[in-house]
Amino acid sequence: MKHYRVLLGIGSNDRPVENINRVKAMLLAVLSDIQYSSCVPTKVIGMYAADFLNCLVLGTTEMALEELNQKLKTMEKKCGRTALSKDLGCIPVDIDVLLYGKEKYHENDWDRPCIQQLLKEMDIE
């Protein structure tokens, strides 16, 4: 079975410590060899809402990208994310795949100062 290196970005502006910790616990079912960055506060971008707490997660998975994304969306919903909550600027948790194998996603996120800071912290280029 093939293993894929995965880098996730996690953010929350609604009970962020609680929700990020819930996601970390759920990630144990889909990732192995997990490493977490520290969590850093960031100003919200593109909406009027509370500031975010963000972190990165590095791990490996045997799942195909589509299956992994489906599991991550389920985790978001379990933490209370809905279309309405997003419209209201309340994001219990947002999980984005930044790297899957050698393929980068969410290219704009890679340039954000908080992501750059956390990449350096985790010694990821």
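These numbers come from a predicted model, not from an experiment.

### A few points about the pairing of strand E4 (residues 52–61)
Among the 10 residues in E4, 10 count as buried, and that is most of the element. When strand E1 (residues 4–12) meets E4, the two strands line up antiparallel, connected through 9 bridges. Bridge pairing in E4 links Leu-8 to Val-57. Judged from the 3 bridges that link them, strand E3 (residues 40–42) and E4 form a sheet pairing that is antiparallel.

### Comments concerning helix H5 (residues 113–121)
Buried within H5 we find Cys-114, Ile-115, Leu-118 and Leu-119. Buried residues of H5, seen end-on, are gathered within an arc of 135° and therefore sit on one face of the element. Facing away from the buried side of H5, by more than 90 degrees, are the exposed residues Pro-113 and Lys-120. For H5, the elements touching its buried residues are E1, E3, E4 and helix H4 (107–110). Just beyond H5, the residue with positive phi is Asp-123, at close to 60°.

### Here we look at the pattern of salt bridges
Counted under the stated rule, the structure contains 7 salt bridges. Glu-18 is the salt-bridge partner of Arg-15, the closest N and O atoms lying 3.2 Å from each other. Between Lys-43 and Asp-51 there is a salt bridge, with the nearest N and O atoms lying 3.2 Å from each other. Taken together, the shared-partner salt bridges in this structure form one network comprising Lys-73, Glu-76, Arg-81 and Asp-94.

### Re the packing of aromatic side chains
Under the defined criterion, the tally for this structure stands at 1 aromatic pair. Here Tyr-4 and Tyr-100 contribute two aromatic rings whose centre-to-centre distance is 4.6 Å and whose plane-to-plane angle is 20°, an arrangement assigned as stacked. One end of the pair, Tyr-4, is in strand E1; the other, Tyr-100, is in strand E5 (residues 94–100), and 96 residues separate them in sequence. Since its relative accessible area comes to 24%, Tyr-4 is described here as partly exposed. Between Lys-24 and the ring centre of Tyr-36, over which it is positioned, the NZ or CZ distance is 4.7 Å. Across the ring face of Trp-110, the terminal group of Lys-104 is positioned such that the distance to the ring centre comes to 4.3 Å.

### Let's talk about the packing of helix H1 (residues 16–27) against helix H2 (residues 65–78)
Interaxial distance between H1 and H2 falls to 10 Å at its minimum, and their mutual angle equals 145°. By crossing handedness, the relation of H1 to H2 is classed as right-handed. The residues of H2 that touch H1, namely those facing Arg-22, Met-26 and Leu-27, are Leu-72, Met-75 and Lys-78.

Conventions and cut-offs
Residues numbered from 1 in each chain as written. Predicted model: local features only at pLDDT ≥ 70, side-chain atom pairs only at ≥ 80, totals over all residues. Heavy atoms only, no water. Buried < 20%, exposed > 50% of the residue type's maximum accessible area, 1.4 Å probe, protein only. Helix = DSSP H or I, 4+ residues; strand = E, 2+ residues; numbered from the N terminus. Pairing = 2+ DSSP bridges. Arc of directions from axis to C-beta. Contact = heavy atoms within 4.5 Å. Salt bridge = Lys/Arg side-chain N within 4 Å of Asp/Glu carboxyl O. Phe/Tyr/Trp six-rings, centres within 6.5 Å; stacked < 30°, edge-to-face > 60°. Lys NZ or Arg CZ within 6 Å of the ring centre and 35° of its normal. Axes fitted to C-alpha atoms, helices over the stretch in contact; angles between N-to-C directions. Left-handed = near helix turned anticlockwise from the far one by under 90°.

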